[in-house]
Amino acid sequence: MTTEFWNGNMAAAQAVKRARVQLIAAYPITPQTHTVEYLSQFVNDGELDARMVKVESEHSALSACAGAAAVGARSFTASCSQGIQLMSEVMYFTSGMRFPVVMAIANRTLSVPVNIWPDHQDTLVNRDSCWLQIYAVSVQEVYDLMLMAYPIAEDPEVNLPLLISYDGFILSHASEPVVTITQEEADQFIQPPGQTDRAILDPENPLQFGEVLFPEWYPDYEYKKHRALADSLTVIDRTFRKFKEQFGREYHVVETEGTGDAEVVIIGIGSMMQTARYAASEMRKRGEKVGVANLRTFRPFPEEELVKAVGHAKTVLVLDRDIGYGTSGMVYQDVTRTFYHQEQRPELLNFIIGLGGKDITPKTIERCLELGKPGFTGQSVFWPDARGPKEGIPYSEGLTA
Amino acid sequence: MGMEKYEKFVKDAKDVLTYPPGWSLDNKTGAWRATKPVLDHERCTECGLCWLYCPEACIDSESFDIDYDYCKGCGICAEECRPGAIEMQREETGEGA
Amino acid sequence: MAMKLKDVSREEHLSLGNLACAGCPEMLGFRHTLKVLGKNTIVINATGCLAVVMQMGVPKVPHFHVLFENAPAVISGIDDALKAMGKREDMNLLVVAGDGGTADIGLSSLSGAIERNQDFIYLCYDNESYMNTGGQRSGTTSFGARTSTTPIGSVTKGEDRPPELKKDMVEIVAAHHIPYAASASIGYPLDLMEKVQKAAAVRGPSYIHCHSPCPTGWGIDTRDIVKVAKLAVTTGCIVLYEMVDGVRKVTKKVSKRKPIGEYLKYQSRFKHVIGDEEAIAEIQRGVDENFEAMMAKMSA
């Protein structure tokens, strides 16, 4: 065990090496590209015994990974932004086939206007592709979560594709100290690749895959897939605990800080939650009871854990680094659904921040807290980053309870 | 086609659906036929062209007997038969599968 | 050595009860292809008629219906994954796709797989349109043909793209310096099977473009399918040849070509030109030019 100074892309690549991935297929796109470059070097140096498929598009990248999974191999790809949009069709295909492919994503917004900076639009628009979506807040987390990716995805109860998201540039390019694990330790934690009970393409046992299922039975199949995703929370939790036992670092599907007595709880995903934690601790120093609940997993959506985390807070601020055009942020939609049936329903406010890489600073979070104070306005969705009609007043819309 | 088979199939599927070879045998495609190839063994030279050109593979490679459970009646065998030993006859109602 | 009828394997790798139209040329060609490749084969099937009619376990070999455009990418992953796991051995990896899946939507993924020197056989069934969706024109639709998106109108009649612009898939893959590429026809099964044999022997990519006249889409009497497929060759519409390491050789020589009308008259997609001498002459001109251009490329 050593400490290295790595950026997020390197942390992802190093974890892929530790997982003894057998097939890598990826296509260049900023800010993910380094991951694949690092892996190419590992393969060409003989450090990683994998095949590299240098595909001609992201669509083909994920297709090649799916092909590898179809014969029982462990496969990996990395992408973001337009790349994920191009492979979107294959994302549905991969989950429908129940292939446990893992993808690293250095989040980046979607064009146009052209913008290479981070927000979560790229992964969140694919929220319904039946992939597990796990978000990292630091480079250490990128490494750790990538190490846990295959044990979760390949668990016989799951068998679904999984993506690990980390904000482009903020995590993909910034270097931080990372506590690493040895290959030996990794081999104890991650089962060897290429060993699966899944049905595979095998001339010894010829089966047919990917064929028609008629309407009469289609919903039954979809329900199973849906359950597998929802129930993967148990497997994730089990894996987190096993990881803690072996490596000491602790993970939860919802990570809380100061929520116990909080009157206001901030909810969100990604690197901005680090900033939120800092801002909240500063607020506490000023006597304001602010807590933070970081959604580690967005899919599966940890409803119960989230309700517990919010406790008796009166106000919940949902930070969305994305926008469901025409409505609200996408995380907010799931949070409101979660609390609608709760007896004690907090006021739920939504803040659209950090789109296209706009800096999220402690000031941004403080501004959200300010806007969320009771009586400030009667509306629920705020755009504090966009220049409002009057100096100091942001665009806001929607209905409150 | 047996829906019960599908029900069990979907219920039993652990994760992905896979179809075992030969399920299709339930599809007695002979029922589609409007005309029926009839082989005159007297005129047959056993050249094997009918067997070769049958898209269904429903002509036996030795006896050249036609499997009417599956023959769709396309008539390629009759057309390609050099000695003209196969005749297409209008299917009586109720024939086929 | 030329393959004889007696050499053809008696073993069938497709179960009875497929859902193809009567007289389906793809069934015929696929049946013959699998006879050569045998049991130790994995089939990746791009979306198209064949993928649909194979449902309910028709193939007795592993069969995977993937997406419309990604079959070559999926097989790349399989090829490399099996290599990584030390299981590649002498297994045949076969992609089957239609002309839409090959020449149109799947062209970039096919190009990528060939360029990466993946070890697989690609078999394209060319029925010159999107038959699975009801017969829309594709990049390989013949000049003058009526399809559901090139209907007979009062201004334009049938496919009006100049005949020489029809996508020539064998030559497109040839430009990739592929070790083996060939054109074939379901009308000449022994020729097709020989080519499949050669393709399977290649280490690396190989491509076979199999002309497959479609009774349903082209409006041909089912019994005439093989006859029409042969006429495509004997009129010079299709040239049967193979390209081994860049050297092109005709495999079915046609010394005296039949007039194109002989081929067109069996197909209702050309009904509008029957009796129209001028229109037939225009189609004939296109066929002649293409045939001569093809012959000029041949080494033997």
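Residues numbered from 1 in each chain as written. Chains lettered and ligands numbered in written order. Predicted model: local features only at pLDDT ≥ 70, side-chain atom pairs only at ≥ 80, totals over all residues.

With that out of the way, let us pick up the overall build of chain B. Secondary structure summary: chain B contains three helices and three strands in total. When its helices and strands are written in sequence order, chain B yields α-β-β-α-α-β. Relative to the compact-globule value of 13 Å for 97 residues, chain B shows a C-alpha radius of gyration of 17 Å, a clear excess of over 25%. With the principal axes as the frame, chain B shows a C-alpha extent of 55 × 30 × 15 Å. For chain B, the proportion of its 97 residues judged to be buried stands at 42%. Excluding contacts between residues fewer than 6 apart, the proportion of contacts in chain B whose partners are at least 24 apart in sequence is 71%. (Helix = DSSP H or I, 4+ residues; strand = E, 2+ residues; numbered from the N terminus. Rg over C-alpha atoms; globule rule 2.2 N^0.38 Å. Buried ≥ 20, exposed ≤ 12 C-beta atoms within 10 Å, placed from the backbone. Contact = placed C-beta atoms within 7 Å.)

Looking along a regular strand, one sees the side chains alternate between the two faces of the sheet. All names here are of chain A. A large share of strand E4 (residues 75–79) lies buried, amounting to five of its five residues. Of the two faces of E4, the one lined by Ser 75, Thr 77 and Ser 79 and the one lined by Phe 76 and Ala 78 are each fully buried. Pairing geometry for strand E2 (residues 23–25) and E4, over two bridges, is parallel. Counted as the bridge partner of Leu 23 is Ser 75 from E4. In this sheet, strand E5 (residues 102–107) lies alongside E4 in parallel orientation, the contact comprising four bridges. (Pairing = 2+ DSSP bridges.)

Facing the 29 residues of chain B at the interface are 29 residues of chain C. The element best represented in the side of chain B that touches chain C is helix H3 (residues 76–80) of chain B, accounting for four residues. Partitioning the side of chain B that touches chain C into residue classes produces 15 nonpolar, eight polar and six charged. (Nonpolar A, V, L, I, M, F, W, Y, C, P; charged D, E, K, R; others polar.)

Here we take up the sheet that holds strand E3 (residues 51–53) of chain A. Consider a sheet: its strands pair through backbone hydrogen bonds, and that pairing is either parallel or antiparallel. Read from one edge to the other, the open sheet built from seven strands follows the order E3-E2-E4-E5-E7-E6-E13 (chain A), with strand pairing classed as mixed. For this open sheet the edge positions go to E3 and strand E13 (297–299) of chain A, each flanked by a neighbour on one side alone. Adjacent strand axes in the sheet meet at a mean angle of 20 degrees, parallel and antiparallel pairs treated alike. Running at roughly 175 degrees to E5 of chain A, helix H1 (residues 8–18) of chain A makes contact with E4, E5 and strand E7 (162–167) of chain A of the sheet. Running at roughly 170 degrees to E3 of chain A, helix H3 (residues 71–84) of chain C makes contact with E2, E3 and E4 of chain A of the sheet. (Axes fitted to C-alpha atoms, helices over the stretch in contact; angles between N-to-C directions.)

The next point concerns the interface of chain C and chain A. On the chain A side, the residues contacting the 35 residues of chain C number 36 residues. Looking at the side of chain C that touches chain A, the elements with two or more residues in it are strand E1 (41–45), strand E2 (63–65), H3 and helix H5 (107–115) of chain C. The element contributing the most residues to the side of chain C that touches chain A is H3 of chain C, with 11 residues. Examined bridge by bridge, strand E9 (residues 208–209) of chain A and E2 of chain C share two bridges and lie parallel to one another.

This paragraph deals with the pairing of E5 of chain A. By the criterion of burial, E5 of chain A is predominantly enclosed, with six of the six residues buried. Read from E4 of chain A through helix H4 (residues 81–96) of chain A to E5 of chain A, the crossover connection turns out right-handed. (Right-handed = clockwise from strand over helix to strand, strands pointing away.)

Another aspect to go through is the sheet that holds strand E11 (residues 264–268) of chain A. All names here are of chain A. Pairing is mixed in the open sheet, where seven strands are placed in the order E10-E12-E11-E14-E15-E16-E17. Every interior strand has two partners, whereas the edge strands, strand E10 (254–257) and strand E17 (395–397), have only one. Each strand of the sheet is rotated relative to its neighbour by a mean of 20 degrees, with strand direction disregarded. Here E11 pairs with strand E14 (residues 315–320) via four bridges, running parallel. The partner of Val 264 across the bridge, within E14, is Thr 315. Docked against the sheet, helix H10 (residues 303–310) engages E10, E11, strand E12 (290–295) and E14, running at close to 5 degrees with respect to E10. Against the sheet, helix H11 (residues 330–340) makes contact with E11, E12, E14 and strand E15 (347–352), and its axis sits at roughly 150 degrees relative to E14, the strand it touches most.

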